[in-house]
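A look at the structure
Each chain is listed here by its residues.
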Amino acid sequence: MEPVKRIEIIAHSVELGKILDGLDKAGVPGYSVIRDVAGKSTRDHVSRNSSMTALDNVYVVAFCSPAQISAVAENIRPVLNKFGGSCFISDAVELLITRCVG
């Protein structure tokens, strides 16, 4: 088992390219994107009459080494500060899998 950092980002889909660029620049080896995310936040209020809907949001989950997390924060924070969204970073453990070739 290997310690890693889990990165979870919820943001407007228009900013997805900037977010993924930031993860790439930080050296994050991969990520998953879930589109059309809906939910409730304690920080942002979106009017039901707004032209933007909750279905315009994306959820990005990625994992990286603890040494990379400062670069991730440096690259992601400016995007979220300018355009909104949330980023959560937590500790996780990667279960290393050995593949059998038969």
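Summarised in this report is the structure supplied together with it. Note on numbering: residues in each chain are counted from 1, in written sequence order. Local features in this predicted model are restricted to residues of pLDDT 70 or higher, and side-chain atom pairs are both shown and tallied only at a pLDDT of 80 or more, whereas totals for entire chains, interfaces and linings draw on every residue. To obtain the side-chain values, all non-hydrogen atoms of the structure were included, while hydrogens and water were left out.

Before going further, it helps to examine the side chain of E15. Considering the arrangement of structural elements, one finds E15 in the loop between β1 (2–12) and α1 (16–25). Categorising residues by exposure relies on relative accessible area from a 1.4 Å probe, with only protein chains included: less than 20% of the type maximum marks a residue as buried, more than 50% marks it as exposed, and the intermediate range marks it as partly exposed. Residue E15 is classed as buried on the basis of its relative accessible area, which comes to 8%. Any two residues whose heavy atoms approach within 4.5 Å at even a single point are treated as in contact. Residues within four places of E15 in sequence aside, it is in contact with V79 and F83. Per the convention used, a helix needs a DSSP run of H or I reaching at least four residues, while a strand needs a run of E reaching at least two, with both numbered from the N terminus.

The next thing to look at is the nonpolar core. Of all hydrophobic cores here, the largest spans 18 residues; its most connected members are I7, I9, L23, V28, V60 and V72. Of all the secondary-structure elements, those providing two or more residues to this core are β1, α1, β3 (57–64) and α2 (69–83). Here the element with the most residues in this core is α2; it accounts for five residues. Remark: nonpolar core denotes a set of buried residues (Ala, Val, Leu, Ile, Met, Phe, Trp, Tyr, Cys) joined through side-chain atoms within 4.5 Å.

Here the focus is the state of the cysteines. Working definition: the covalent bond between the sulfur atoms of two cysteines is a disulfide. Only a pair of cysteine sulfur atoms within 2.5 Å qualifies as a disulfide here. Evaluated as defined, the whole model comprises zero disulfides. For the unlinked cysteine C64, the closest cysteine sulfur is that of C87, found at 9.9 Å.

Moving on: a nonpolar patch on the surface. A surface patch of nonpolar side chains, about 500 Å² in accessible area, is lined by M1, V93, L95 and I97. Considering the arrangement of structural elements, one finds V93 in strand β4 (residues 86–94). Relative accessible area serves as the criterion here: at 54%, V93 is assigned to the exposed category. Residues enter a patch when their relative accessible area is above 30% and they make no salt bridge; the linking distance is 9 Å between like charges and 5 Å between nonpolar side chains (Val, Leu, Ile, Met, Phe, Trp, Tyr). Areas reported here follow the Shrake-Rupley algorithm with a probe of radius 1.4 Å; residue values treat only the protein chains shown as occluding. One speaks of a salt bridge when a side-chain nitrogen belonging to Lys or Arg is within 4 Å of a carboxyl oxygen belonging to Asp or Glu.

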